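Below are the chains, spelled out letter by letter.
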Amino acid sequence: MLTSSQIMARRIGRIAFGCVLIAGGLWLATAAYASNNDWTHSHSDALPYRVLGHTLDAVSILGITWLTAAIAGLVAWWIADRRRLARAPNELLAKSLMLPAAGIALILPLTLHLPVVVAISDRGAFDTWVLVSLWMAGSAHLTLAGFSMLRAHQLAAGTPAWSPGRIYGVTLLVSCIPFVLLLAIPPAIVAITGLPFIPLLRWMEGIAGREQAALALIPHVPRAVVQR
């Protein structure tokens, strides 16, 4: 049976994992923005064409982000597991669900696109795909991240939570504005890419339920609703 200290360690590990993913998403977005400025500047000044991938390299950013997030999560869990933290373990449930949910929503869709685009073309084409995706589907990414965090908070607080299907539907609706006019291609891509998030959002509920059930079996552990 899990102890309260072990549950706390798991949550700290998830928080570290999520924070790195969010940082990676911000890194990718700022790198893409800088690359777009470089491309525009080189054309406006009649300078030689600069390939977008030379300043972005989205493949490397995504790879480094996932690897660093996994290492950070494992290290944070390992350290916390050995310190036997005395804090009430239910304090970090919301954060340990919300931060990974946001980070995964920000970078997993593009990660799923990566092998397809690279297989069809090359790394430079994927850089261009990332930039186009940020412009055309950036609002959908943010919507998915925001409502995934909302669901995580609701689950941690023990209140009725938004269903995965509802989050999927709202995200798809946002992707239609206004790009449904472009032969509905962006919404179609969002619809396909968003399917893996449905089981992920359900898995979130399982984590919260299992940890809360484990805490209920531990003597002298406060069972109050998670601290907000």
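For the structure, check the block above.
Below you will find a few notes about this structure. (Residues numbered from 1 in each chain as written. Predicted model: local features only at pLDDT ≥ 70, side-chain atom pairs only at ≥ 80, totals over all residues. Heavy atoms only, no water.)

## What about the environment of Val20?
No. 1: Structurally, Val20 can be placed in helix 1 (residues 4-44).
No. 2: In this structure, the C-alpha to C-alpha distance between Val20 and Leu67, residues 47 residues apart in sequence, is 9.6 Å.
No. 3: Aside from chain neighbours lying at most four places away, what touches Val20 is Thr65, Thr68, Ala69 and Ala72. (Helix = DSSP H or I, 4+ residues; strand = E, 2+ residues; numbered from the N terminus. Contact = heavy atoms within 4.5 Å.)

## A closer look at the nonpolar core
No. 1: Ranked by size, the top nonpolar core spans 39 residues in total, and within it Leu28, Leu56, Leu62, Leu97, Phe126, Val130 and Met204 carry the most contacts.
No. 2: Put simply, the parts of the chain that give this core at least two residues each are helix 1, helix 2 (58-83), helix 3 (93-120), helix 4 (123-157) and helix 7 (197-216).
No. 3: In terms of residue count, helix 3 provides more of this core than any other element does, 13 residues in total.
No. 4: Not counting chain neighbours up to four residues away, the residues in contact with Met204 comprise Leu97, Ala101, Ser148, Arg151, Ala152 and Leu155. (Core = buried A, V, L, I, M, F, W, Y, C linked by side-chain atoms within 4.5 Å. Buried < 20%, exposed > 50% of the residue type's maximum accessible area, 1.4 Å probe, protein only.)

## Some points on the packing of aromatic side chains
Aromatic rings in a pair are described by how distant their centres are and how their planes are angled relative to each other.
No. 1: On inspection of all chains with the given rule, the structure shows two aromatic pairs.
No. 2: On the basis of an interplanar angle of 45° and a centroid distance of 6.3 Å, the ring pair of Phe17 and Trp66 is categorised as tilted. Taken together, the residues span a long stretch of sequence, with Phe17 in helix 1 and Trp66 in helix 2 at a distance of 49 residues.
No. 3: Note on Phe17: relative accessible area 22%, which makes it partly exposed.
No. 4: In this structure, Arg166 is placed above the aromatic ring of Trp162, and the distance from its NZ or CZ to the ring centre is 3.7 Å. (Phe/Tyr/Trp six-rings, centres within 6.5 Å; stacked < 30°, edge-to-face > 60°. Lys NZ or Arg CZ within 6 Å of the ring centre and 35° of its normal.)

## Some points on helix 3
No. 1: A rise of 1.5 Å per residue sets the reference length of helix 3, with its 28 residues, at 40 Å; its end C-alpha atoms lie 41 Å apart and thus fit the reference within 8%.
No. 2: The largest bend in helix 3 amounts to roughly 35° and is located at Ile107, with the proline Pro109 lying one to four residues further along. (Expected span 1.5 Å × (residues − 1). Bend = angle between axes of the 7 residues up to and from the residue.)

## Things to note about the packing of helix 3 against helix 7
No. 1: At a minimum axis distance of 11 Å, the contact between helix 3 and helix 7 shows a crossing angle of 165°. Here helix 7 runs roughly antiparallel to helix 3, going by the angle between their axes. With respect to the hand of their crossing, helix 3 and helix 7 are arranged in right-handed fashion. Touching Leu93, Leu97, Ala101, Ile104, Ala105, Leu108 and Pro109 of helix 3 are Phe197, Leu200, Met204, Ile207, Ala208, Glu211 and Gln212, all from helix 7.
No. 2: A class-by-class count of the residues in the contact of helix 3 with helix 7 yields twelve nonpolar, one polar and one charged. (Axes fitted to C-alpha atoms, helices over the stretch in contact; angles between N-to-C directions. Parallel < 35°, antiparallel > 145°, perpendicular 65-115°, else oblique. Left-handed = near helix turned anticlockwise from the far one by under 90°. Nonpolar A, V, L, I, M, F, W, Y, C, P; charged D, E, K, R; others polar.)

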